[in-house]
Amino acid sequence: MRLLLLDGFTLLHDGAPVVVPRGLQRIIALVGLRPGATRAYLAGLLWPDTSEERAMSSLRTALWRLRQDGNCPILVTGDTVRLDPAVELDVDDLVRVAEQVRDGGDPRQAAAVLTAGRHDLLPGWYDDWVLLERERLRQLRLHLLEEVARGHLRAGRHGEALQAALEAVRAEPLRETPHRLIVETHLAEGNAYEALQAFYVYRDLLVRELQLEPSPAMCALLSDLLDPIPRPKITRSPRPYPYPGPHPAVRPAPADPARPAPHRGRSALSAVPRQR
């Protein structure tokens, strides 16, 4: 049997779907997400607004109804309720692959579970325990995508690294880590223009949505890009002197005090009228 909780509840037996009433779906899903939980714990989560006695009674009735079906995926041992070991859970696949990639496994093995993990856990369900698990798995998938991108980047598979980082951006556009991985991948390929463009696309988004600037770690990526570029030395010709006269570098000779300065006005003779 296989239990699918990503993108909706589906119980499969030999590949064929099993019809399960909505009330019993909640019990099976919770048992799958809380393996080895006690009866009291399950009853408190499933019926939080009722008394403990009534919640326990509702759980006993639900478990009895499930055991009447030959496709029951649940085992009850004393006070403990868990899934039958023969039942495969898609959420477990995501968690297992995330651990393997985190421990240095081949990131290419995560392709299938990442595709399945693109969907939310039990969409349309708003129980508190569902919301909590949904966010946990969303964060798990985001970190897995980033680990996959880093693994591909270390191996020189830049195309695969970009795809994983872009998928993480699609899932959470304001998260900085995948944007940083995109910039790092472009730099590793030697594409300085695309690295700068990716940075400013994220910066504009962050300023517009949150009025924040990228972190120093993000900005440092561009500093490492720009600092090694030598600045050209500009040699300028002397600026032309702005008014008529001798060049400022040519200084006039100092005047001799014993010698009268030349008269620069009208000549005295020019003031005398000419005689006809």
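The following refers to the structure shown. Predicted model, so just to flag it, every value in this text is computed and none were measured.

### Describing the layout of surface pockets
In this structure, the largest pocket spans a volume of roughly 260 Å³. Taken together, 15 residues make up the lining of the largest pocket; nearest its centre are Ala111, Leu114, Leu145, Gln163 and Ala164. A total of 5 residues in the lining of the largest pocket trace back to one element, the largest contributor, which is helix α7 (residues 158-171). Tallied by class, the residues present in the lining of the largest pocket amount to 8 nonpolar, 3 polar and 4 charged. In this model, the second largest pocket occupies a volume close to 200 Å³. In terms of lining, the second largest pocket is formed by 14 residues, of which the most central are Gly117, Arg118, Asp120, Arg138 and Arg141. Of all the secondary-structure elements, those providing two or more residues to the lining of the second largest pocket are α6 (128-154) and α7. Looking at the lining of the second largest pocket element by element, the count peaks at 5 residues for α6. Grouping the constituent residues of the lining of the second largest pocket by class yields 6 nonpolar, 2 polar and 6 charged.

### Quick look at the pattern of salt bridges
Applying the stated criterion to the full structure yields 18 salt bridges. A salt bridge links Asp93 to Arg2, with the nearest nitrogen and oxygen atoms 2.9 Å apart. Of the two residues, Asp93 is situated in helix α4 (residues 90-102) and Arg2 in strand β1 (residues 2-4); the sequence distance between them amounts to 91 residues. The exposure class assigned to Arg2 is partly exposed, which follows from its relative accessible area of 24%. Of the charged contacts, one joins Glu209 and Arg208 as a salt bridge, the two residues approaching to 3.8 Å between their closest N and O atoms. Judged by its relative accessible area of 44%, Glu209 is partly exposed. Note on Arg208: relative accessible area 54%, which makes it exposed.

### Examining the sheet that holds strand β7 (residues 88-89)
If you trace the 4 strands from one edge of the open sheet to the other, you get β3-β2-β1-β7, paired in mixed fashion. Looking along the sheet, the strands with just one partner apiece sit at the ends: β3 (16-17) and β7. Pairing of strand β2 (residues 10-13) with β3 involves 2 bridges; the strand directions are antiparallel. When the sheet's bridge partners are listed, Leu12 is paired in β3 with Pro17.

### Quick look at the nonpolar core
In terms of nonpolar packing, the biggest core is built from 66 residues, with Leu3, Leu5, Phe9, Ile27, Ile74 and Leu144 touching the most fellow members. The greatest single-element share of this core, amounting to 8 residues, is contributed by α6. Residue contacts for Ile27: discarding those within four places in its chain leaves Leu46, Trp47, Leu59, Ala62, Leu63, Leu66 and Ile74.

Scoring rules and cut-offs
- Residues numbered from 1 in each chain as written.
- Predicted model: local features only at pLDDT ≥ 70, side-chain atom pairs only at ≥ 80, totals over all residues.
- Heavy atoms only, no water.
- 1 Å grid on protein atoms, 1.4 Å probe; cavity = no way out; pocket = protein on both sides within 12 Å on 5 of 7 lines; lining within 4 Å.
- Points joined across faces, edges and corners; volume = space filled by probe spheres on them.
- Helix = DSSP H or I, 4+ residues; strand = E, 2+ residues; numbered from the N terminus.
- Nonpolar A, V, L, I, M, F, W, Y, C, P; charged D, E, K, R; others polar.
- Salt bridge = Lys/Arg side-chain N within 4 Å of Asp/Glu carboxyl O.
- Buried < 20%, exposed > 50% of the residue type's maximum accessible area, 1.4 Å probe, protein only.
- Pairing = 2+ DSSP bridges.
- Core = buried A, V, L, I, M, F, W, Y, C linked by side-chain atoms within 4.5 Å.
- Contact = heavy atoms within 4.5 Å.

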